[in-house]
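# Architecture at a glance
Chain by chain, the residues run as shown.
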Amino acid sequence: MATLLLIDDDPDLLRDRVSHVLPAPAHRVEIAQTGAEGLERVAAACPDVILLDLRLPDQSGLDILRQLRQIDARIPVVMVTVARSSDSAIEAMRHGAYDYLLKPIDLQKLDRVIREALKVSRLMREPAVVAETPPDEEFQGVAIIGSCPGMQEAYKAIGRVADQTFPVLITGESGTGKELVARAIYQHGPRAQAPFLALNCPAIPENLLESELFGHEKGAFTGADRRRIGKFEQCNGGTLFLDEIGDMPPATQAKMLRVLQEQAFERVGGNETIRTDVRLIAATHRDLKAWSEEGKFRPDLYYRLGVFTIHLPPLRERDDDLLMLVQYYLRRFNRELGREVRAVTPEGLERLRRYPWPGNVRELQSVLKQALLKASGPVLLPAFLPEPLGGAGVAPPPAAAEPGVETFVIRQRVGSDVRDLYAETHRQVDRLLLPCVLKHTRGSLRQAALLLGIARQTLREKLRDLGLSVPRPGEEDDDPV
């Protein structure tokens, strides 16, 4: 159950709105009508998120924020104000507030901000551990599981780098668990009691990413009606995780280089130099070395990021780990979905082993969830597995397939001077696969992402790369593409 603490001397209207956004029993809303009462409640039991009014009868909201951060700097604090200029709220953002809302509060924005804050709170508090064997059934966090040589090297690397302050670059295909590794580094390091913020670079429009990272001044561009505090300033003293940094625009890369070198930057449209102290962890599925050699990524930024690199192997190279992962996720998803599946039949396991897992561990999670929803009884049968793993069976491995036109083309490319055959082949497969899947799901991105075993945002990015039309993020999930 997620707990939200509302510190407000006139909480009735706001409480009703929050309760509408976060209904019981999955969420609990607690009330404190003075700053002192709010501090007492937080000291007794830390909530997941705090909504804090800037104007309280006993103390200012800014003073309460400073005291809250001394109790636990990891709690996301959303400031609430009636002042339209919002100068105090912006000042609060500089001192570590998560966001601010203006009264009267818009329900849609309240919903978005609180749900994002709850996610940030979970990322900081939910244990992310490394384990050669699955944790016991009482474990409530998330685990990075595996004993293959590649995972053993990753565990050693996490241990070596956790106590350091220099940047870390995590590489590996999509779905291999790069965010979990970033959280493990954060939670095992000296900044574990400071904020941890995560940002997916391609999920932010290119023209807004720089503002999201570094902030902007009022009037910096059309629509900049007030100053904005960016992640590097907001996360001062903590850890910032930038996912898919290989997709960062060149102009933003230049500013990133200065932050890594000097821990200083200017807001967009501003001249004031802002000092910060942020530990950066970045991740990418790109080959940044090859991209830097081809001019697609700044070489100086790559060398600065790549001081210490952790590589995660794809699931198809972790045969010995598959059974452990299946056992772990069966236990975990049994709790989430209310199922009692305890084992997979030998034939089912063989089908899982033979599958190439292009979506890696994320796809395995999706497959097992779908299978559990279909399952009846304590054993997972092959018939419960989604296509192409269940039903009539699995297609034979590529080596057994008859060489067709596609195989011939690949062999031709092997003999050429191509430098990214793996990525090129995947793009060609996506060009055939994605339209077919979307046609099957009648344009539903949600159902297509579920079938493919990838995140909806990843599917959007792939469609954009292929030049296919993509619904805007605010549109209905099931709208046709």
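Preceding this paragraph is the structure being described.
This section reports on the structure supplied with the text. If you're wondering where the values come from, they're calculated on a predicted model, not measured in any experiment. (Residues numbered from 1 in each chain as written. Predicted model: local features only at pLDDT ≥ 70, side-chain atom pairs only at ≥ 80, totals over all residues. Heavy atoms only, no water.)

## Some points on the layout of surface pockets
There is about 310 Å³ of room inside the second largest pocket. In this structure, the second largest pocket is lined by 13 residues; those nearest its centre are Met 1, Ala 2, Asp 48, Arg 122 and Glu 126. Broken down by element, the lining of the second largest pocket gets its largest block of residues, five residues, from helix 5 (residues 107-125). Here the lining of the second largest pocket is built from residues that sort into five nonpolar, three polar and five charged. (1 Å grid on protein atoms, 1.4 Å probe; cavity = no way out; pocket = protein on both sides within 12 Å on 5 of 7 lines; lining within 4 Å. Points joined across faces, edges and corners; volume = space filled by probe spheres on them. Helix = DSSP H or I, 4+ residues; strand = E, 2+ residues; numbered from the N terminus. Nonpolar A, V, L, I, M, F, W, Y, C, P; charged D, E, K, R; others polar.)

## Here we look at empty space enclosed by the protein
Counted by the stated rule, this structure contains three cavities of 30 Å³ or more. Counted as a void, the largest cavity has a volume near 80 Å³. Every residue lining the largest cavity is counted, 14 residues in all, and those nearest its centre are Pro 76, Gly 96, Tyr 98, Pro 195 and Leu 197. When the residues that make up the lining of the largest cavity are grouped by side-chain class, the tally is 10 nonpolar, two polar and two charged.

## Re the sheet that holds strand 2 (residues 27-32)
Reading across from one edge, 2-1-3-4-5 is the order of the five strands in this open sheet, with parallel pairing throughout. In this open sheet, the two strands that pair with only one neighbour each are strand 2 and strand 5 (99-102). Taken over all neighbouring pairs, the strand axes of this sheet differ in orientation by 20° on average, direction set aside. Across six bridges, strand 1 (residues 2-7) lies against strand 2 in parallel orientation. If you follow Thr 3 over to strand 2, its bridge partner there is Arg 28. Helix 2 (residues 35-44) rests against strand 1, strand 2 and strand 3 (49-53) of the sheet, and its axis sits at about 140° to strand 2. Each of strand 3 and strand 4 (77-81) touches helix 3 (residues 61-71); the most contacted strand, strand 3, lies at about 155° to it. (Pairing = 2+ DSSP bridges. Axes fitted to C-alpha atoms, helices over the stretch in contact; angles between N-to-C directions. Contact = heavy atoms within 4.5 Å.)

## Details of the environment of Gly 159
Inspection of the secondary structure assignment puts Gly 159 in helix 6 (residues 149-161). Separated by 29 residues in sequence, Gly 159 and His 188 place their C-alpha atoms 8.0 Å apart.

## Section: the sheet that holds strand 8 (residues 168-171)
The strands making up a sheet associate through backbone hydrogen bonding, with each pair oriented either parallel or antiparallel. The strand order across the open sheet built from five strands is 9-10-13-8-14, with neighbouring strands paired in parallel fashion. The open sheet has two free edges, formed respectively by strand 9 (196-200) and strand 14 (309-311), since each of these has just one partner strand. Direction aside, the axes of adjacent strands within the sheet are offset by 15° on average. Here five bridges tie strand 9 to strand 10 (residues 239-243), and the two strands are oriented parallel to one another. Paired with Leu 199 across the bridge in strand 10 is Leu 242.

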